[in-house]
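Structural description and commentary
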Amino acid sequence: MGERRPETPAEADGTAGLFVALGKMVKLLRERKGLTQKEFGELVGYGPDAVSSMERGVRTLRPEVLIKADELLDAGGLLKEVLPEVEEAMAKTRTRHPEWYRSYAGLEAEAVELHFYANSGVPGLLQTEDHAQVVFAKRRPFLSEETIEKRVADQLSRQQVLERWPTPIVSYILEEVLLDRPIGGRSVHMDQLRRLLHVGRMQNVEIQVMPTRVEEHPNLDSAFNLLVPKGHGQVAYTETQGYPRLITDSEEVRKIADRYGIMRAMALSPLDSRKLIEQKLEAL
């Protein structure tokens, strides 16, 4: 069975409160019925982690789940009564996430521009196979060997976007700390730095390092990606603790792009960034 990614309620559309309230109601009714999250999940077709997410309002309580829950938890029609509001909220989410959005990887594969700011880990398109292997193996909860192999293979496959024709315009801003953390040990880390140098020499790619000595810049926050999908305007993408968010609102995207532009001006030039990476490689 394929993995289900969590569906994040549309906070930007003001509907998150609805799912938080519904989650509290379902939790109260479940506990009154004497069911654990695991037991309830088995009845509605979800795992305990998914049920926990629904009850906390961080995952959408879909209409079919509410209908089953109403009957199983003896809600007397209370949960069914809010189905029109739930469907309206989901419609807003679909509007915010357009029909052409299927997955980030799908957007990335056909993008004409890709721009990345990374502050906690080397972006997937830049990772070596060994680096990726270590990253996925260290995840918690643990992933199975089969899952790790699949994710590494998928990530390596994604990297073909850098060399496809017509080539996309690609840029990176990497915090210097990413060059110093020896993920996987000295040998793996050295290969990773060599990979950065190799990609950075590609005609369509620019890699810039944000030196640690820079005291502050406009995005002392989480990592983000900016991309221009084929046939569409620029969008932004963030992912925090496994929860993805595609940002399509033009004003919000403009603000992120503005921050990225300022950061590119503050970071080392591509040439100086290559020299810094070479120095760190030689020092190992």
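Residues numbered from 1 in each chain as written. Predicted model: local features only at pLDDT ≥ 70, side-chain atom pairs only at ≥ 80, totals over all residues. Heavy atoms only, no water.

**Comments concerning the sheet that holds strand 3 (residues 205-210)**
Two modes of strand pairing occur in sheets, parallel and antiparallel, and in both the strands are linked by backbone hydrogen bonds. Reading across from one edge, 3-2-1-4-5-6 is the order of the six strands in this open sheet, with mixed pairing throughout. Either end of the sheet is taken by a strand with one partner, and the two such strands are strand 3 and strand 6 (243-247). The mean inter-strand angle of the sheet, taken between neighbouring strand axes irrespective of direction, is 15°. Both strand 1 (residues 113-118) and strand 2 (residues 169-175) contribute to a ladder of six bridges, which runs parallel. Within strand 2, the position partnered with A118 by the bridge is L174. (Pairing = 2+ DSSP bridges. Helix = DSSP H or I, 4+ residues; strand = E, 2+ residues; numbered from the N terminus. Axes fitted to C-alpha atoms, helices over the stretch in contact; angles between N-to-C directions.)

**Side note on the environment of N219**
Among the structural elements, N219 can be located in the loop between strand 3 and strand 4 (224-228). The spatial distance from the C-alpha of N219 to the C-alpha of M263 is 8.0 Å, given a sequence separation of 44 residues. Excluding anything up to four places from it in sequence, N219 contacts Y117, F224, R259 and M263. From its side chain, N219 meets the backbone oxygen of S222 in a polar contact 3.0 Å long. (Contact = heavy atoms within 4.5 Å. Polar contact = N/O pair within 3.5 Å; in protein donor to acceptor, adjacent residues only side chain to side chain.)

**Regarding unusual backbone geometry**
That bond from R140 to P141 is cis: its omega, 0°, falls within 30 degrees of zero. With respect to the element layout, P141 can be found in the loop between helix 7 (129-137) and helix 8 (145-158). The peptide bond linking W165 to P166 adopts the cis configuration, its omega dihedral lying at 0°. If you trace the backbone, P166 turns up in the loop between helix 8 and strand 2. One non-glycine residue, D74, lies in the positive phi region at around 55°. Its location among the elements puts D74 in the loop between helix 4 (63-72) and helix 5 (83-96). Given a relative accessible area of 55%, D74 falls into the exposed group. (Buried < 20%, exposed > 50% of the residue type's maximum accessible area, 1.4 Å probe, protein only.)

**Quick notes on the confidence of the model for the chain**
Looking at the chain as a whole, its pLDDT mean stands at 86, while 89% of the residues score no less than 70. For residues 1-12, every residue scores under 50 in pLDDT, and the model assigns this stretch 36 contacts once sequence neighbours within four places are set aside. pLDDT under 50 marks residues 94-100. Its contacts with residues more than four places away, or in other chains, come to 15 contacts. (pLDDT = per-residue confidence, 0-100.)

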